[in-house]
Amino acid sequence: MADSSEASSLTVPPQKLFNRDDFAYDENSDDDYLGFGGFAEVYRATMRSTGLVVAAKVLFRRRGVDLRGRLQREEIKSLRKEAAILLQVQNHPNIIQLIGVCEAPRHYALLLEFMSDGNLDKLLHSTSDKDVDCWKNRVDIACQISSGMNHLHSLDPPIIHLDLKPQKVLLRKDERFYKCKITDFGLLKMKGMTTTHTELSSSDFTPTGTVLYIAPERYSASYKPTANSRTKPDIYRRN
């Protein structure tokens, strides 16, 4: 478990601090289980006081690979890093919103805005949703993603995502059109902890990313972004 100095390192507004009893989900329910990535699992949860449905990103507890004993400090650090980033970018319409943070013993979690229609990758490969073939929808989705990334890059210092891909764009459908939110900040893989053949091990200065979406210059072990180029890997376009 992290020591007390580490536990107090993230400053969260009181209204965004929650206890484990403040939200509910069933670890054993396939309906509540949404997936996993990095070293967190995601569940659909409900806030007990308001009934609000949220996505609870919880450090590994049951499914997937149990890293609690070996990487717990790094897990907590990564979770706090993502929370810190989201606290900086609250209220942008195309960035996932942080509802709250739970740091209960053995139950570290981020409570995030719930997007009910999955991610852009799922939509692009859908054979049932014909709205994806509408060019107005496609252009609108591209504009929303660009707006979110422009906001991140316009901050001082800029926030660089470094793993932007369809799986990191969440969707909520409103009639025929989609609201898009960029997600997954800060949960960087630790060196040597690659989980699939599509990921690269991190160096001391370059986080992991998905090979198909990495700008070519980032393949180099000697790559170090400059002030003028540091946002460019986020807007690399693969033909």
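Here, every reference points to the structure presented above.
Just so it is clear, the structure is predicted and the values come from calculations on it, not from any experiment. (Residues numbered from 1 in each chain as written. Predicted model: local features only at pLDDT ≥ 70, side-chain atom pairs only at ≥ 80, totals over all residues. Heavy atoms only, no water.)

1. Things to note about the side chain of Lys-16
Reasoning step 1: Take Lys-16: it is sitting in the loop between helix H1 (4-7) and strand E1 (17-18).
Reasoning step 2: Although Lys-16 is buried, it makes no salt bridge; Glu-113 carries the closest opposite charge, 9.9 Å away.
Reasoning step 3: A distance of 2.7 Å separates the side chain of Lys-16 from the backbone oxygen of Leu-98, its partner in a polar contact.
Reasoning step 4: Excluding its chain neighbours within four sequence positions, the residues that come into contact with Lys-16 are Leu-87, Gln-90, Leu-98, Ile-99, Gly-100 and Val-101. (Helix = DSSP H or I, 4+ residues; strand = E, 2+ residues; numbered from the N terminus. Buried < 20%, exposed > 50% of the residue type's maximum accessible area, 1.4 Å probe, protein only. Lys, Arg positive; Asp, Glu negative; His and termini not counted. Salt bridge = Lys/Arg side-chain N within 4 Å of Asp/Glu carboxyl O. Polar contact = N/O pair within 3.5 Å; in protein donor to acceptor, adjacent residues only side chain to side chain. Contact = heavy atoms within 4.5 Å.)

2. Focus on the nonpolar core
Reasoning step 1: Counting residues in each nonpolar core, the largest one holds 33 residues, and the members touching the most others are Leu-86 and Ile-145.
Reasoning step 2: For this core, the elements supplying multiple residues, two or more each, are strand E5 (53-59), helix H2 (68-88), strand E6 (98-104), strand E7 (107-113), helix H3 (120-124), helix H4 (135-154), strand E8 (169-174) and strand E9 (177-182).
Reasoning step 3: With 5 residues, H2 is the single largest residue contributor to this core.
Reasoning step 4: Not counting residues within four places of it along the chain, the set of residues in contact with Ile-145 comprises Leu-120, Leu-164, Val-169 and Ile-182.
Reasoning step 5: Counting 14 residues, the second-largest nonpolar core is a separate cluster that includes Phe-23, Ala-45, Val-54 and Ala-104. (Core = buried A, V, L, I, M, F, W, Y, C linked by side-chain atoms within 4.5 Å.)

3. Describing the pattern of salt bridges
Reasoning step 1: Taken as a whole and judged by the stated rule, the model has 8 salt bridges.
Reasoning step 2: Here Glu-82 ties to Lys-57 by a salt bridge, and the two come within 3.2 Å at their closest N and O atoms. Of this pair, Glu-82 sits in helix H2 while Lys-57 sits in strand E5, placing them 25 residues apart in sequence. Summarising the burial analysis for this pair, Glu-82 and Lys-57 share the class buried.
Reasoning step 3: The closest approach of N and O atoms between Lys-168 and Asp-184, which form a salt bridge, is 3.7 Å. With Lys-168 in the loop between H4 and E8 and Asp-184 in the segment after E9, this pair connects stretches of sequence that are 16 residues apart.
Reasoning step 4: Residue classification places Lys-168 among the buried residues on the basis of a relative accessible area of 11%.
Reasoning step 5: Where salt bridges share partners, they join Lys-57, Glu-82, Asp-163, Lys-165, Lys-168 and Asp-184 into one cluster.

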